[in-house]
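Reading the structure
As a plain string of letters, each chain reads:
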Amino acid sequence: MTRIAVLGAGKIGESLLSGLLDAGRSPQDLMFTERYPQRAAELAKKYDIEHVDVIGALQRADVVVIAVKPQDIEPLLDEMAPELPPGKLVVSMCAGLPTALFERRLPAGTAVVRVMPNTPMLVGEAMSAISGGSHAQDSDLDLVEELLGSVGKVVRLPESQQDAVTALSGSGPAYFFYLVEAMIDAGILLGIPRATAAELIVQSAVGAAAMLREGGGHPVMLREAVTSPAGTTIAGIRELEKHGVRAALIDAIEAARDRSVELGRQHEAG
Ligand SMILES: NC(=O)C1=CN([C@@H]2O[C@H](COP(=O)(O)OP(=O)(O)OC[C@H]3O[C@@H](n4cnc5c(N)ncnc54)[C@H](OP(=O)(O)O)[C@@H]3O)[C@@H](O)[C@H]2O)C=CC1
Ligand SMILES: O=C(O)[C@@H]1CCC=N1
């Protein structure tokens, strides 16, 4: 079985480990590194997975998944570079960081796959986009697709689109959570108890998501079907349009894309 080491078991690293276990992968095939001993001990106990140091991870794993924040990448690459044995596949989940950075800093010829996942990986519903670096073979992409396919959907895209993908599906769940939060607040304003408002809105979100995915409908048609002539929905839509919510979302996603580009540029000289 392929052995996988996750370097940095924070939110996304833990989501991956948990998702892979839920998908049936053996704990013996998984390992992780983590900075704080207390968190490492908690994770090792919770998932029955071994906590290792970076050198142990590089020696024992076939696939090394980097899930530290982009701001923490430089010291980790310094630690990895002299120790990475040939033939290991490096998978980066770091927003903004190009495969070229890893290729430049790790031993010549290292195969690197850049992935932009998202946190619904925790419940087996991730959206991951993958792109191979210049030494990644089709078999490397196949392997990463198989791994991430067990915790959600996977698409292969050119690396030039990864900053946009980061803004759309990487950050996307946060924007849905933000909308849900705002709608629950509206329920509070209208006098509905918080727990009831949350139940109404969360189930509406789940139902809408199921219609989008399983009903095969176009979002415009689905929205039109809710919007009755002289009804309630159009009264609300008019307010959304007045407040520029559509433009705000487009601007938000463009800003997130720009920030991803900027994160990559910060490491250009590295
Ligand atoms: N959160 C998300 O929704 C998504 C995140 N990503 C990407 O995933 C990566 C991780 O993000 P996220 O999980 O949110 O961040 P977190 O801060 O939650 O996780 C990163 C973890 O790595 C640890 N760490 C840092 N350096 C090292 C090191 N040298 N060795 C071992 N562990 C280390 C951190 O420890 P410490 O607590 O001490 O900093 C932290 O626990 C980022 O690059 C991000 O861009 C991609 C898609 C979605
Ligand atoms: O906010 C971030 O930078 C990370 C990358 C995509 C989602 N979260």
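Residues numbered from 1 in each chain as written. Chains lettered and ligands numbered in written order. Predicted model: local features only at pLDDT ≥ 70, side-chain atom pairs only at ≥ 80, totals over all residues.

**Examining the site of ligand 1**
Inspection of the region around ligand 1 gives 25 residues, with Gly8, Gly10, Ile12, Cys94 and Ala95 positioned closest. Elements supplying a minimum of two residues to the shell around ligand 1: helix H1 (11-22) and helix H4 (73-80). Here the residues of the shell around ligand 1 are counted per class, giving 13 nonpolar, 7 polar and 5 charged. (Near = placed C-beta within 6 Å. Helix = DSSP H or I, 4+ residues; strand = E, 2+ residues; numbered from the N terminus. Nonpolar A, V, L, I, M, F, W, Y, C, P; charged D, E, K, R; others polar.)

**Thoughts on the UniProt feature "domain: Pyrroline-5-carboxylate reductase dimerisation" (unreviewed entry) in the protein chain**
Within the UniProt annotation, "domain: Pyrroline-5-carboxylate reductase dimerisation" (unreviewed entry) is assigned to residues 159-263. As a span, residues 159-263 carries 82% helix and 0% strand, and end to end its C-alpha atoms are 15 Å apart. (UniProt positions renumbered as here; feature names shortened; annotations may be inferred.)

**Describing the pairing of strand E7 (residues 126-132)**
Across the 7 residues of E7, 6 count as buried, placing the element largely inside the fold. Bridge count for strand E6 (residues 111-116) against E7 is 4 bridges, and the pairing is antiparallel. Each residue of the ladder has a partner; that of Met116, found in E7, is Ala129. Pairing geometry for E7 and strand E8 (residues 152-156), over 5 bridges, is parallel. Looking at the pairing, Ile130 lines up with Arg156 of E8. For the handedness criterion, the β-α-β arrangement of E7, helix H6 (residues 138-149) and E8 is classed as right-handed. (Buried ≥ 20, exposed ≤ 12 C-beta atoms within 10 Å, placed from the backbone. Pairing = 2+ DSSP bridges. Right-handed = clockwise from strand over helix to strand, strands pointing away.)

**Considering helix H12 (residues 245-265)**
In this model, H12 (21 residues) spans 30 Å end to end at C-alpha, consistent with the 30 Å of a helix rising 1.5 Å per residue. Buried residues along H12 sit against helix H7 (162-170). (Expected span 1.5 Å × (residues − 1). Contact = placed C-beta atoms within 7 Å.)

**Quick notes on the nonpolar core**
Grouped together as the largest cluster of nonpolar side chains are 55 residues, with contacts concentrated most on Ala5, Val6, Val64, Val65, Ile66 and Val91. When residues in this core are grouped by element, the largest group, 5 residues, is from E6. In contact with Ile66, other than residues within four places in its own chain, are Leu7, Gly8, Leu76, Val90, Val91, Ser92, Met93 and Cys94. (Core = buried A, V, L, I, M, F, W, Y, C linked by C-beta atoms within 7 Å.)

**Quick notes on the domain arrangement of the protein chain**
The domain architecture assigned to the protein chain consists of domain 1 (4-160) and domain 2 (172-260). Each of domain 1 and domain 2 has a C-alpha centre, and the two are 33 Å apart. (Domains from an automatic or database assignment.)

**Focus: the UniProt feature "domain: Pyrroline-5-carboxylate reductase catalytic N-terminal" (unreviewed entry) in the protein chain**
The positions UniProt marks with the feature "domain: Pyrroline-5-carboxylate reductase catalytic N-terminal" (unreviewed entry) are residues 3-96. With 40% helix and 19% strand, residues 3-96 has its two end C-alpha atoms placed 26 Å apart.

**Some points on the packing of helix H8 (residues 172-189) against helix H9 (residues 194-214)**
Across the interface, H8 lies against H9 with an axial gap of 9 Å and an inter-helix angle of 140 degrees. The angle between H8 and H9 places the two elements in the oblique class. Crossing of H8 over H9 shows right-handed handedness. Here Phe176, Val180, Met183, Ile184, Gly187 and Ile188 of H8 come into contact with H9, specifically with Arg194, Ala197, Ala198, Leu200, Ile201, Val202 and Ala205. (Axes fitted to C-alpha atoms, helices over the stretch in contact; angles between N-to-C directions. Parallel < 35°, antiparallel > 145°, perpendicular 65-115°, else oblique. Left-handed = near helix turned anticlockwise from the far one by under 90°.)

**Points about unusual backbone geometry**
A positive phi is found at Asp48, a non-glycine position, where the angle reads about 60 degrees. By secondary structure assignment, the location of Asp48 is in the loop between helix H2 (37-47) and strand E3 (50-51). The exposed category is assigned to Asp48, around which 12 C-beta atoms lie within 10 Å. Despite not being glycine, Ala230 shows a phi value in the positive range, around 55 degrees. As for its placement among the helices and strands, Ala230 is situated in the loop between helix H10 (219-226) and helix H11 (232-242). On the basis of neighbour count, Ala230 is assigned to the exposed category, with 6 C-beta atoms found within 10 Å.

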